[in-house]
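Take a look at the letters that make up each chain.
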6 protein chains.
Amino acid sequence: YAPVRVNGFVCKNPMEVNADDFFKAAALDKPRVTNKVGSNVTLINVMQIAGLNTLGISIARIDYAPLGQNPPHTHPRATEILTVLEGTLYVGFVTSNQPAPNRNKFLSKVLNKGDVFVFPVGLIHFQFNPNPHKPAVAIAALSSQNPGAITIANAVFGSDPQISDDVLAKAFQVEKNTIDWLQAQFWENNHN
Amino acid sequence: YAPVRVNGFVCKNPMEVNADDFFKAAALDKPRVTNKVGSNVTLINVMQIAGLNTLGISIARIDYAPLGQNPPHTHPRATEILTVLEGTLYVGFVTSNQPAPNRNKFLSKVLNKGDVFVFPVGLIHFQFNPNPHKPAVAIAALSSQNPGAITIANAVFGSDPQISDDVLAKAFQVEKNTIDWLQAQFWENNHN
Amino acid sequence: YAPVRVNGFVCKNPMEVNADDFFKAAALDKPRVTNKVGSNVTLINVMQIAGLNTLGISIARIDYAPLGQNPPHTHPRATEILTVLEGTLYVGFVTSNQPAPNRNKFLSKVLNKGDVFVFPVGLIHFQFNPNPHKPAVAIAALSSQNPGAITIANAVFGSDPQISDDVLAKAFQVEKNTIDWLQAQFWENNHN
Amino acid sequence: YAPVRVNGFVCKNPMEVNADDFFKAAALDKPRVTNKVGSNVTLINVMQIAGLNTLGISIARIDYAPLGQNPPHTHPRATEILTVLEGTLYVGFVTSNQPAPNRNKFLSKVLNKGDVFVFPVGLIHFQFNPNPHKPAVAIAALSSQNPGAITIANAVFGSDPQISDDVLAKAFQVEKNTIDWLQAQFWENNHN
Amino acid sequence: YAPVRVNGFVCKNPMEVNADDFFKAAALDKPRVTNKVGSNVTLINVMQIAGLNTLGISIARIDYAPLGQNPPHTHPRATEILTVLEGTLYVGFVTSNQPAPNRNKFLSKVLNKGDVFVFPVGLIHFQFNPNPHKPAVAIAALSSQNPGAITIANAVFGSDPQISDDVLAKAFQVEKNTIDWLQAQFWENNHN
Amino acid sequence: YAPVRVNGFVCKNPMEVNADDFFKAAALDKPRVTNKVGSNVTLINVMQIAGLNTLGISIARIDYAPLGQNPPHTHPRATEILTVLEGTLYVGFVTSNQPAPNRNKFLSKVLNKGDVFVFPVGLIHFQFNPNPHKPAVAIAALSSQNPGAITIANAVFGSDPQISDDVLAKAFQVEKNTIDWLQAQFWENNHN
C-alpha cells in the first residue's frame, strides 16, 4: 500500500526497521563553508534520520566564521540547548512582550569552550563570533524532530512574495525606500 | 501556607472556586485607543481569568485605526485563529525556512467581516487595515492560556539592553548608523 | 500515492500549501436560523479549514433567539472561552462529582456585551438568552481543532438506536413511559 | 517550606519517598453496599495514592446489585477500559454530535466475565447488570490520575444551586413541573 | 485508498465504526499456562482493540504459578497500576540513578487480594508469588495503548543478534564465559 | 513566600530572571576521570540550569577510556541523540519484546567522528569504545530537562536494599550464589 506518513514522514514496517533508520554517517564532523553572514547550520532532523519521527529531538553543528553570526531567528517548535566546541560566542535571546519595566529584556552571555546556554522555545536569539581571526564551532540540540527555523531578516524582508512595503515601513518606522532597499537584497538561508 | 503556583499562577482551594474565577466583565466590548502603529490588542489570558490555568486557550479583541496595523509578530506558545467583526483586514504569515523554491513563503488574504484565518504557532504574522477612513475590529483566539507575543521590531530594535549594532547591521545588511537610528526610536508595545 | 490523513485529515504536500488552507470566507458574519431550542452554533474547525490540523484550536459563532438557548452539552476534547457580541446571556457549568458539600456545584453568570466566560474541558454547560424580545450573538473559541459536542438530551434520549428505557428510567428516577415519551421526541442538533 | 502542590497534590522530597506512596491496602477486594441506582464505584486515584501524581492512570472496582447500574456519566479527563470479574453487564456509550445519518450513535455490548470494553474520553456511557438475581463486579482503569466523573442526572437535575427550570424544561422538552419534580429528587453520588 | 495508519494502526471510516472496535471477548477470564519463570501476561492493547488508538490506556491479566514471577522488566511508554485478584504478590521497583545516599532505591511491598500498587513509567519492576502451593492472579492497567515491555534478562542476554560478551562481561563484572553461558540459555518471553 | 516548585524545581519571579538562569560555565569542555567501567557522563539538566524547567531538553558530554563503556542503561523519560567528537564508538540498543521473529532485536553501529545515532525513549542501550589505546568523547542530547538514567546492572544487582536473590536467580537463570556474588560487587554510578 502507499507509504504512510505521520507528521509527514513515512512509518516503516517494524519488521524492516534496522540500525540505519537511527543513524547518519559523517554528519557533523566537517567544518562547512559559511554564508554571507558568516555561519552555517547543519541540522540532523527527521528528514535525515527517519527513526526520529515522534521522538522529539534533533541535533546540529554550527560553524561560525571570524566575526560571523547565526543571525536573529526563532524555532517555532523547539527549545535549543547549545555548547561551544571551539572558539568564543556572544549569544543572547529577547524575552516576549511584558508590561514595563520588564518588556523585551535582552539576556546575553559570552560563551567559551564547554559553556552551555539555553534558548527557550519561540524566542528570538542569535550567536555571534566576536573573534576577528578565529572560527568557532558549536553543537546545539533542539526539542523537536522538526524544530523549524525562522531567520527574522529573511522572513520579514526576503519572503516570496514580498510583504507590502507600506506595512513594513510603518512596522519598522522607516521610509518605504529603506524597505524597498532591504527587500532588494539577497537573503541567504544559513539553515539547510 | 504560601499560595502555590502552577505555570506561575495560584492554584485555588477547590472549595473556594466560584464563577468569578472563570469570568471577566466588560473585557472586549469597547474600542480602545490605538498606538502609533495604529492598533491595540486586548488579550484576556490567565492573568485576567485565573481559572484558565492549564486549560490552553485565551481570547483577544484587536482594534485597528484606519491604515493601522498589528505589526509583524509571533506567539511563541500558541496558534491564533481570527475573525473580522468590522471593516477589512489584509493579513498574512511567512512560513519557516525551507529548501528553495519553498523558502519563507508569504501567505496572505484580504479578510472581510465574518472571514476566518489561522496563524500557525510560532510563525511571523501581521494584520493591516487598508482602509484610510474606517477602523477595523477583530476577535482572535489563541491556543494557550499564556501565549506570549513577540513584536519583531520591538524585540530586535527595542530590547533592553540593546542588541549590539555590529550584530544587527550584519544581520539586516544595513549600515550601523541605520541600526543606531532604529534603536533610537520609541518601540511601543501594542500587546498589553 | 493515496492521500494521507493524520487525525483523520489529509496532510498536504508542503509545496502545494497556500493561504486558502488557512482561510474560510464569510463564515461567521451572518445571523443563522435558530433551531427549536432557539440557537445555532456555526463551528469553524478542521473540517472547514484543513490547515488547523494538529494546531489545537477552533472558533464558532453562536446565534440565540429571544429566550433561546444552547442547551446543556459538553465538549469531550476542548475548553471553551466565550464573549458576547450582542444581547445578554445567562451561562453556567456544573462541576464534576465531588465529596459533599462540594458536589456538582453550578457556577453561573449573566453576561453582557464584551464579557468573557470560560467553560472547562468536559464539563456540562449551557447558554440562555433571557431576553424575550432580542436575539443574542456570541463568539466562542475551543482548544481543539476537532472539539466534538455532546448535547446531553440528544445523546441520552435521542441516540440511534435508543438506550434501553429500563436503564434510563432508573437513572433519571422517572416512569418508563416518561422515558418513552422523551425518546419519541425529535431531538434536533444545533451543532452543525 | 510550605508543602508544594503540582496539579493540586503535594510534591514530596525525593529523599523521603517510600513504597507507601505507591500503595493502597485492601482497596478493591471487598464488595461494597450499592446506592439507590444499584452500584458503587471505588476509585483509587491520586487522592488515595499520592505517587500517582502526573503519571496519568487510576483504577476502580465497580459493584453492581442485581438490576443495578452505573448510570449514564462521563469522565472529562480520561478514557476508561473495563473488564468483568463476576456476572454480566450490558454496557454502551453514545458518540458525539455528527451530521446525519451518523449522529449520536449508541454503541453497546453485553459483557461476560473476562470481556474487555473501552469508553472513549468524554463520551456518555453506562453499565447495567441485567441479572435480577446476581450481583456483578468489574475492574476499570482510567487514563488520568484524576479522571473526574460527571453523573448526567445528578449534574443536570441535582446541582447546587439548581439550574433554572426554564432552561431545563426547554432543553429536555418537558413541562416545568416535570423538571421541578426531578429537581426535588435526591440525587445520590455513586462515585466516591 | 490505502488503509491509513496513525501510530501504526488503521484509522477507520467513522461511518463504519461499531461496538466491536471497542470490545474484546473472553480476553481476561481464563488462567493461562505460565512460562518457565512462572508467569503469563495477557495484554489487551491497541493490537487487540483498534478503538484504543490514541486513547492512552491498556489492560492486562497476569497469572503467576506458585513461586512464579513476572521478572524484572520496564514499560518504555507507560506507568502501570496493579491490583491482586487472587493470592499474594511480593512486588517492587528500583528508582533511577541518584546521588548517594539516594541511588537506585528498591521500594517493595507484599500485596494481598485487593491491594493496589503503582510502577512509575520506565522503572525496572517485578512481581513474585511467594506462595509455594497456590497460584496468584492480578489485573494491571497501563497508561498507553501500546506500552511496550522490556524483560531485562531477555533484552540483555537473549537479544538477536547477541550483544558482544566483551561489553556485557565488563558491564556485569563477570567472566566472559559466564556471559556466554547466559547467552546460551533460552530466554522465553512472558509478554505476548 | 516559600519557593515554589513545578516538577520539583523553583519557579523564579520573572522580574528576577537573568542570563545566568540559562547558563552553565565550563560544563562540558574538560575530559573527566572515568569510572571502573571506563566512562563518565556529565549531564547538564534542570538541576544545573534552572531555566530548563518545563523546556524538555538537556545535554551531556560522555568520556570513554580505551575499551571503556557507558554500560547498558535506559532513560525512563527521554530519547537520546548522540554524536562522536573524538575516537570511535560501538553503540546499540535492543527493541522491546515483540512476537517472534522480531523480539528483542539488537540494532548496532560503529560510530566514527561526526556520526549521529538515536536511542529511542526507554530502550536499553550502551556505548563502547573498542579502541585499546585511545579515549573517545561524545556529546549527547536528551528530550527531557530531567531524563533520568537507569544503569541496568546497578539497578538490578546494586539496589538499596537488595532485591531478593530468589527472584533474581530465577529471572536470570543462575544459581543464587552467582546472584549473591554479583550483589556483593560495588556498582559504581557513571551518571552524576
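Residues numbered from 1 in each chain as written. Chains lettered and ligands numbered in written order. Predicted model: local features only at pLDDT ≥ 70, side-chain atom pairs only at ≥ 80, totals over all residues. Heavy atoms only, no water.

- Looking up chain A in an unreviewed UniProt entry gives the name Germin-like protein, with the organism given as Aegilops tauschii subsp. strangulata.
- The record in UniProt for chain A states the following under Sequence similarities (unreviewed entry): "Belongs to the germin family." (UniProt positions renumbered as here; feature names shortened; annotations may be inferred.)

1. Some details on the overall build of chain A
Line of reasoning, step 1. Counting its secondary structure elements, chain A contains three helices and 13 strands.
Line of reasoning, step 2. Dimensions of chain A, computed from the C-alpha atoms along their principal axes, are close to 60 × 40 × 35 Å.
Line of reasoning, step 3. The buried share among the 192 residues of chain A stands at 63%.
Line of reasoning, step 4. When the accessible surface of chain A is summed, it comes to about 6,800 Å², and 55% of that surface belongs to carbon and sulfur atoms.
Line of reasoning, step 5. Side-chain charges in chain A split into 15 positive and 14 negative, and the spacing between the mean points of these groups amounts to 5 Å. (Helix = DSSP H or I, 4+ residues; strand = E, 2+ residues; numbered from the N terminus. Buried < 20%, exposed > 50% of the residue type's maximum accessible area, 1.4 Å probe, protein only. Areas by Shrake-Rupley, 256 points an atom, 1.4 Å probe, with all protein chains shown as cover. Lys, Arg positive; Asp, Glu negative; His and termini not counted. Charge placed at Lys NZ, Arg CZ, Asp CG, Glu CD.)

2. Thoughts on the packing of aromatic side chains
Line of reasoning, step 1. One pass over the full model with this rule turns up 54 aromatic pairs over all chains.
Line of reasoning, step 2. Considering the side-chain rings of Phe 157 of chain A and Phe 172 of chain A, the 5.3 Å spacing of their centres and the 50° angle between planes classify their relative orientation as tilted. Linking Phe 157 of chain A in helix H1 (residues 152-157) with Phe 172 of chain A in helix H2 (residues 165-172), this pair joins segments that are 15 residues apart in sequence.
Line of reasoning, step 3. Through pairs of rings, three or more aromatic residues link up here, namely Phe 157, Phe 172 and Trp 187 of chain A together with Phe 157, Phe 172 and Trp 187 of chain B. (Phe/Tyr/Trp six-rings, centres within 6.5 Å; stacked < 30°, edge-to-face > 60°.)

3. Remarks on the packing of helix H2 (residues 165-172) of chain D against helix H3 (residues 176-184) of chain D
When two helices pack together, you describe them by how their axes are tilted relative to each other and by the distance separating the axes.
Residue and element names in this part refer to chain D.
Line of reasoning, step 1. Two elements in contact, H2 and H3, have axes whose closest approach is 9 Å; the angle formed by their N-to-C orientations is 110°. By the criterion of interaxial angle, the relationship of H2 to H3 is roughly perpendicular. Once H2 is placed against H3, the crossing between them reads as right-handed. Residues Asp 165, Asp 166, Leu 168 and Ala 169 of H2 form the contact with H3, whose own contacting residues are Lys 176, Ile 179, Asp 180 and Gln 183. (Axes fitted to C-alpha atoms, helices over the stretch in contact; angles between N-to-C directions. Parallel < 35°, antiparallel > 145°, perpendicular 65-115°, else oblique. Left-handed = near helix turned anticlockwise from the far one by under 90°. Contact = heavy atoms within 4.5 Å.)

4. As for the sheet that holds strand E12 (residues 136-142) of chain B
Line of reasoning, step 1. Strand order in the open sheet made by the six strands is E4(B)-E5(B)-E12(B)-E7(B)-E10(B)-E3(C), with antiparallel pairing throughout. Every interior strand has two partners, whereas the edge strands, strand E4 (39-44) of chain B together with strand E3 (23-24) of chain C, have only one.
Line of reasoning, step 2. Strand direction decides the pairing type here: strand E10 (residues 116-119) of chain B and E3 of chain C, joined by two bridges, are antiparallel. In the sheet register, Val 116 of chain B faces E3 of chain C, and the bridge partner there is Lys 24 of chain C. (Pairing = 2+ DSSP bridges.)

5. Quick look at the domain arrangement of chain A
Residue and element names in this part refer to chain A.
Line of reasoning, step 1. Domain annotation for chain A reports domain 1 (19-148) and domain 2 (153-191).
Line of reasoning, step 2. With centres defined by C-alpha atoms, the gap from domain 1 to domain 2 works out at 24 Å.
Line of reasoning, step 3. The interface of domain 1 with domain 2 comprises 10 residues on the first partner and five residues on the second.
Line of reasoning, step 4. Of the roughly 590 Å² buried between domain 1 and domain 2, counting both surfaces, carbon and sulfur atoms make up 44%.
Line of reasoning, step 5. Contact with domain 2 buries surface across domain 1, with Asn 35, Lys 36 and Val 41 losing the most and accounting together for 68% of the total.
Line of reasoning, step 6. Our enumeration of links across domain 1 and domain 2 arrives at zero salt bridges.
Line of reasoning, step 7. Mapped by element, the contributors of at least two residues to the side of domain 1 that touches domain 2 are strand E4 (39-44) and strand E6 (69-74).
Line of reasoning, step 8. When grouped by side-chain class, the residues that make up the side of domain 1 that touches domain 2 number two nonpolar, seven polar and one charged. (Domains from an automatic or database assignment. Buried area = accessible area lost by both parts, 1.4 Å probe. Salt bridge = Lys/Arg side-chain N within 4 Å of Asp/Glu carboxyl O. Nonpolar A, V, L, I, M, F, W, Y, C, P; charged D, E, K, R; others polar.)

6. Focus: the side chain of His 125 of chain E
All names here are of chain E.
Line of reasoning, step 1. By secondary structure assignment, the location of His 125 is in strand E11 (residues 124-128).
Line of reasoning, step 2. For His 125, a relative accessible area of 1% puts it in the buried group.
Line of reasoning, step 3. Within the local environment of His 125, its side chain forms a polar contact with the side chain of His 75, the two groups lying 3.5 Å apart.
Line of reasoning, step 4. Setting aside anything within four residues of it in sequence, one finds His 125 in contact with Pro 71, Pro 72, His 73, Thr 74, His 75, Glu 80, Gly 92, Phe 93 and Phe 119. (Polar contact = N/O pair within 3.5 Å; in protein donor to acceptor, adjacent residues only side chain to side chain.)

7. Regarding the interface of chain B and chain A
Line of reasoning, step 1. Of the residues lining the interface, 57 residues belong to chain B; the matching set on chain A comes to 57 residues.
Line of reasoning, step 2. Between chain B and chain A lies a buried interface of about 4,700 Å² when both sides are counted; carbon and sulfur atoms form 63% of it.
Line of reasoning, step 3. In terms of surface lost to chain A, no three residues of chain B exceed Asn 97, Lys 170 and Gln 173 of chain B, which account for 14% of the buried area on that side.
Line of reasoning, step 4. Where chain B packs against chain A, one counts zero salt bridges.
Line of reasoning, step 5. Across the chain B-chain A interface, the total number found is 18 residue pairs in polar contact (both at pLDDT 80 or more).
Line of reasoning, step 6. Looking at the side of chain B that touches chain A, the elements with two or more residues in it are strand E6 (69-74), strand E8 (89-94), strand E11 (124-128), strand E13 (150-151), helix H1 (152-157), helix H2 (165-172) and helix H3 (176-184) of chain B.
Line of reasoning, step 7. Here the side of chain B that touches chain A is composed, by residue class, of 32 nonpolar, 19 polar and six charged.

8. Examining the relation of the copies chain B and chain A
Line of reasoning, step 1. You can overlay chain B on chain A at an RMSD of 0.0 Å; the transform is a turn of 180° with a shift of 0.0 Å along its axis. Interpreted geometrically, this transformation is the action of a two-fold axis. (Least-squares fit on C-alpha atoms with pLDDT ≥ 70 in both.)

9. Quick notes on the pattern of salt bridges
Note that side chains of opposite charge can pair when their charged atoms are close.
Line of reasoning, step 1. In the structure shown here, the tally under the stated rule is 30 salt bridges over all chains.
Line of reasoning, step 2. A salt bridge links Lys 176 of chain C to Asp 165 of chain C; its shortest N-O distance comes to 3.8 Å. Here the residue Lys 176 of chain C occupies a position in helix H3 (residues 176-184), and Asp 165 of chain C occupies one in helix H2 (residues 165-172), the gap between them amounting to 11 residues.
Line of reasoning, step 3. Sharing partners across several salt bridges, the network here consists of Asp 165, Asp 166 and Lys 176 of chain A.

10. Observations regarding the sheet that holds strand E12 (residues 136-142) of chain A
Line of reasoning, step 1. Here we have six strands laid out as an open sheet, ordered E4(A)-E5(A)-E12(A)-E7(A)-E10(A)-E3(F), and antiparallel in their pairing. This sheet does not close on itself; its edge strands, each paired only once, are E4 of chain A together with strand E3 (23-24) of chain F.

11. Considerations on the confidence of the model for chain A
Line of reasoning, step 1. Mean pLDDT over chain A stands at 91; residues scoring 70 or higher make up 90%.
Line of reasoning, step 2. Listed scores for the predicted complex are pTM 0.94 and ipTM 0.92. (pLDDT = per-residue confidence, 0-100.)

12. Quick word on the UniProt feature "binding site: Mn(2+)" (unreviewed entry) in chain A
All names here are of chain A.
Line of reasoning, step 1. The residues that UniProt annotates with the feature "binding site: Mn(2+)" (unreviewed entry) are His 73, His 75, Glu 80 and His 125. Taking the farthest pair of C-alpha atoms as the criterion, the annotated set spanning 53 residues converges on one region, since that pair is 11.7 Å apart.
Line of reasoning, step 2. The residue Glu 80 is located in strand E7 (residues 80-86) in this model.
Line of reasoning, step 3. Each residue touching Glu 80, except ones within four places of it in the same chain, is listed here: Ile 62, His 73, His 75, Phe 117, Val 118, Phe 119, His 125, Gln 127, Ala 140, Ala 141 and Leu 142.
Line of reasoning, step 4. Here the side chain of Glu 80 touches His 75 through a polar contact of 3.0 Å, side chain to side chain.

13. Comments concerning unusual backbone geometry
Residue and element names in this part refer to chain B.
Line of reasoning, step 1. Along the chain, Asp 160 connects to Pro 161 via a cis peptide bond; the corresponding omega equals 0°.
Line of reasoning, step 2. Locating Pro 161 in the fold gives a position in the loop between H1 and H2.
Line of reasoning, step 3. The backbone of Thr 54 shows a phi angle near 75°, a positive value even though the residue is not glycine.
Line of reasoning, step 4. You can call Thr 54 exposed: its relative accessible area is 51%.

14. Quick look at H2 of chain A
Line of reasoning, step 1. H2 of chain A sits mainly inside the fold: six of its eight residues count as buried.
Line of reasoning, step 2. Contacts from the buried residues of H2 of chain A go to H1 and helix H3 (176-184) of chain A together with E6, E11, H1 and H3 of chain B.
Line of reasoning, step 3. Its side-chain oxygen at 3.1 Å from the backbone nitrogen of Asp 166 of chain A, Ser 164 of chain A defines the N-terminal cap of H2 of chain A.
Line of reasoning, step 4. Phi turns positive one or two residues past the end of H2 of chain A, at Gln 173 of chain A, with a value near 55°.

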